[in-house]
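# Structure at a glance
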Amino acid sequence: MIEIINIFAGYQDQEVLKGISLKIIHNEMIGILGPNGSGKTTLIMALTGVVPIKSGQILLDGKPIRTYPTRQVAKRVACVPQKSEFSFDFSNLSIVLMGRYPYLDSWADYTRQDRELAEDAMRQTGIMKLAQKSVKQVSGGEAQLVTIARAIAQTTEILVLDEATSNLDAAKKIQVFDLLTKKNSEGATVICVLHDLNLAALYCRRLIFLKNGKVVIDGQTEDVFKDCILSEIYETDIRVSKHPVTGTPQAHFVPHCNAVGSGGGLRRTGFCKVDKCDG
Amino acid sequence: MTDDLNRKVTVTKPAERLIALYGAYNEILVDMGLERKLIARTSADKTPESMLAKPSIGTHMRPNVELIMGLKPDLIIQNAGRKDALVPVRQLISQGLPVAVFNTNSFADLFSVIERLAILTGSEERGARLICNLKQKLDLVANTISATKKRPSVLFEVRYPDILLAGQDSIVNEVIKLAGGRNSLTSKKKFLRSNIEEILRLNPDFYIVQRGPMNRDPGLIEQRPHYYQLDAIKNQRFFIVEEQVFSRPGPRSVTAVEDLSRKLHPEQWKLQKRLGKEILDSSHTGK
Amino acid sequence: MENISGTGLEHNYQHEKRRFAASTIILMAAAVTSVILACSIGRIEIPFSVMLKSLASGFGLIHDETLDPIHRAIIFDIRLSRVCLSAMVGLALAVSGAAFQGILRNPLADPFTIGVSAGGAFGAALIIFLGLGSKTSLGLGIIPLAALVGALSALAAVITLARVDGILRRDTMVLAGIVVATFLGALVSLLKSLDEESVASIVFWVMGSFQGRGWSHAIFAFPYLILGFILVVTYSREIDLMSLGDFPARHLGVDTNRARAMVLIGASLLTAAAVSVSGVIGFVGLVAPHLVRMTIGPNHSRLFILSGLLGMIVMIWSDVAARIILPEGEELPVGVITALIGGPFFCVLLKGAKTGTGFD
């Protein structure tokens, strides 16, 4: 369980998080959303303990996260960053194996069990055929899958993903989120930062919206995924309808200018000012 | 008058205000009795002591051109031993100052430099007297050692521990030869970077170490690693000498020859001392 | 188990492991052979059998009364000590080069990047300038001690400069290194211009040489070398992980600040040990790690061991060349040899490599 109590955090003199409190309990599947620069990534970095907070507290199972040794945190929380750097020609398998580092005795090499877990993680993310390839020779999307496999190999109770699927095609996105749902059903807590509102609505049970470093709305998906709320947060016209198959709410952005023709209309909503386009 | 860069150096009248940028040339002029004509010295020139009273104009390789011009010399003398030393020469020449550059690597060079300096300063007689004097001393050494055929091998250490030895193209080589020895090192170079194994291989009869700016602190030779294996060390035939005397081609190079030959051939000198007067006389008449 | 053997990954893993073991054994054998062969080369001709006997008697394995004590001294005290010292320095430079490249994630980093060598050079230059070059302490010249102190002080200065909010950043690290190296370089130039007669000694020292070094130097450098080696090897896996970036490495459980500091200190100790006894010898720390990385990949624990061995071999033969390449026993600075071989070799390596340098 993670408890965030009124934290302030940021870089140098610039404050990014301005008083955030959250409680994340076991086995949740949470989407963190919000416009660019709202503090999503900083929140993720703070709650995984890599960015220091200026005030407030982040408790992991009741103890401040900074008091845990780094390895202990890594045994509980895995994180897939927005972007990975690969400075060396490691094979993808080696990268995934790094997920086993927190369990490694100093001086010891990865065990056969570690290698099996790494391989299993790669199979689950569908990148087995890339195992021996250099991480520098695969595409950006494939590298993201490698990083996700690494997080899975880390076998943690909490999985944190920061826009981990942004470079993936639609089919792969679904594949990854299906996998995350499966992990969630097996007991993992999943926290993901997303830009894709619909993907969040499809998979996450709870949504947290950030704006300007503060939580603006936090609640069950069906309660918060509403026309008026989304439109206000993103300051653009958004409509919500039901997904034809699953029945979950899905958002539709209303363009300021309609390219298709005159039929689809542009109507003023109650929430934001939209100037009428001519033609 | 032509200097050793093959440049014509002309003075309309005997030079009166001289600056030598090289210690040995100061010594030549002092020995010729022309110390009063020297108007400055380099910061390293400290002999004879009376030189210290004269203003210093920088160093041999980097003299201060402004200071030199301010003293209005009518002749500047430089040694061409190092290429770097010619950089200030070009500067001085471009300022229209008369510069004579000499190169002394042997006693023949030395005598030729003395002759030419004598001409430039209009004191040919003093020059001839100095040359005669030096040659006499060398003759005495030659006579003394002529009684023996022994020519012990000598290794001359220029620097330690970054070992540098004197090769054949150096004034030291000639000093060794005239003193009745032969240079162990056959290299045609002036200096040779070498190592302890090579010194052990050469195993010279005498090991001479210079002390001076190039070799500031040679330490205790017999305590250096591996030196105990050298015959020269075992037989107590190693000496520390002054770099200023041995490695600077000048009047004191003659002193170096005398000094070294006494070390190489002590028994001949003992003999000579006994017959000293006689031999001296004969050398005089031989002239 | 089933799933692993089915994919061939396990097979592949075992294959890689065997390949590494084989490379290690081959390089070790080559290193030992190099030591023995290098002992047989020199200005004084000594028969190979006498050479072997001298080595054996030097190690107290045999007692041979017929052995000429001079031969024994030349082989054991002069040549072997020099060969061993060059092997140690080669290992130190190659390993610290690999460590600096890994931790700074910069292919051009070498043991001298963060100014450790400049500190060593200044320490040595100061002693030469003061004319204390042949003063002894601990049975060897005072120069190594001064160089070591200089090198470690430079490291301390760089770390102090590069710490921002208690965090060592790799970019500020490189910058601080350049600042410190430039400043110390200026001080060395100052010493050189203050005393024209010392210039040659300072220049030759800085160029690097094993001439006149012996067992006492090897013993002097040994503890720093061992400590440095253990430090970087202990943190080799952390270097692997930190190549992903600081945050990802911390997410995987690496205490990045600690690991970076330890690796920097370890690598600097290695460099300082090398610089203090041999001067500044370039290119070995660049060529050996790159060559190994291209052959067996970027895994740092393997990289350290293999490039250390390769560095040994390269340095032993470079010093042999420095001893014998010129006629009449004239010595060349070994740094000149490594640069002459290393420069062109490095160019060919970069041009010919299909996989690149292993860096971005």
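Everything here concerns the structure above.
The sections below set out a description of the structure shown in this document. Quick caveat, the model's predicted, so the values are computed rather than measured.

## Description of the pattern of salt bridges
In this structure the tally under the stated criterion is 32 salt bridges over all chains. When the shortest N-O distance is used, the salt bridge between Glu186 of chain A and Lys183 of chain A registers 3.9 Å. Between Glu16 of chain C and Arg302 of chain C there is a salt bridge, with its nearest N and O atoms 3.7 Å apart. Of this pair, Glu16 of chain C sits in helix α2 (residues 9-39) while Arg302 of chain C sits in helix α14 (residues 300-324), and the two are 286 residues apart along the sequence. On the basis of relative accessibility, which here comes to 38%, the residue Glu16 of chain C falls in the partly exposed class. Ionic contacts of the salt-bridge type, sharing partners, join the residues Arg112, Arg115 and Glu116 of chain A together with Glu10 of chain C into one network.

## Thoughts on the sheet that holds strand β6 (residues 77-80) of chain A
All names here are of chain A. Spatial ordering of the open sheet is given by β6-β7-β8-β3-β9-β10, a layout of 6 strands whose pairing is mixed. Each edge of the open sheet is held by one strand with a lone partner, namely β6 and β10 (214-220). The mean angle between the axes of side-by-side strands here comes to 15°, regardless of whether they run parallel or antiparallel. Judged from the 4 bridges that link them, β6 and strand β7 (residues 158-162) form a sheet pairing that is parallel. Note that in β7 the partner of Ala78 across the bridge is Leu159. Helix α9 (residues 227-234) contacts β3 (29-33), β9 (206-211) and β10 of the sheet and is inclined by roughly 30° relative to β9.

## Thoughts on helix α4 (residues 69-104) of chain C
Residues and elements named next belong to chain C. Over its 36 residues, α4 extends 50 Å from the first C-alpha to the last, a length consistent with the 52 Å expected when each residue adds 1.5 Å. Within α4, the axis deviates most sharply at Leu80, by approximately 35°. α4 sits mainly inside the fold: 30 of its 36 residues count as buried. One side-chain oxygen at the N-terminal end of α4 lies 2.9 Å from the backbone nitrogen of Ile70; it belongs to Asp68. Just downstream of α4, Arg105 is the residue with a positive phi angle, here 45°.

## What about the packing of aromatic side chains?
Scanning the entire structure with this criterion turns up 11 aromatic pairs over all chains. Judged by centre distance (6.3 Å) and plane angle (75°), the ring pair of Phe88 of chain A and Phe90 of chain A falls under edge-to-face. For the pair formed by Phe88 of chain A and Phe90 of chain A, the shared burial category is buried. Ring plane angle 55° and centroid distance 6.0 Å describe the contact between Phe220 of chain C and Tyr224 of chain C, whose orientation is recorded as tilted. Linking Phe220 of chain C with Tyr224 of chain C, this pair stays in helix α9 (residues 215-234), spanning 4 residues, or about one helical turn. By way of ring pairs, the aromatic residues Tyr22, Tyr25 and Phe102 of chain B are connected into one cluster. Over the face of the ring belonging to Tyr101 of chain A we find Arg71 of chain A, whose NZ or CZ atom lies 4.4 Å from the ring centre. Lying over the aromatic face of Tyr13 of chain C, Arg115 of chain A brings its terminal NZ or CZ to 3.6 Å of the ring centre.

Rules used throughout
- Residues numbered from 1 in each chain as written.
- Chains lettered and ligands numbered in written order.
- Predicted model: local features only at pLDDT ≥ 70, side-chain atom pairs only at ≥ 80, totals over all residues.
- Heavy atoms only, no water.
- Salt bridge = Lys/Arg side-chain N within 4 Å of Asp/Glu carboxyl O.
- Helix = DSSP H or I, 4+ residues; strand = E, 2+ residues; numbered from the N terminus.
- Buried < 20%, exposed > 50% of the residue type's maximum accessible area, 1.4 Å probe, protein only.
- Pairing = 2+ DSSP bridges.
- Axes fitted to C-alpha atoms, helices over the stretch in contact; angles between N-to-C directions.
- Contact = heavy atoms within 4.5 Å.
- Expected span 1.5 Å × (residues − 1).
- Bend = angle between axes of the 7 residues up to and from the residue.
- Polar contact = N/O pair within 3.5 Å; in protein donor to acceptor, adjacent residues only side chain to side chain.
- Phe/Tyr/Trp six-rings, centres within 6.5 Å; stacked < 30°, edge-to-face > 60°.
- Lys NZ or Arg CZ within 6 Å of the ring centre and 35° of its normal.

Keep in mind these values describe shape, not function.
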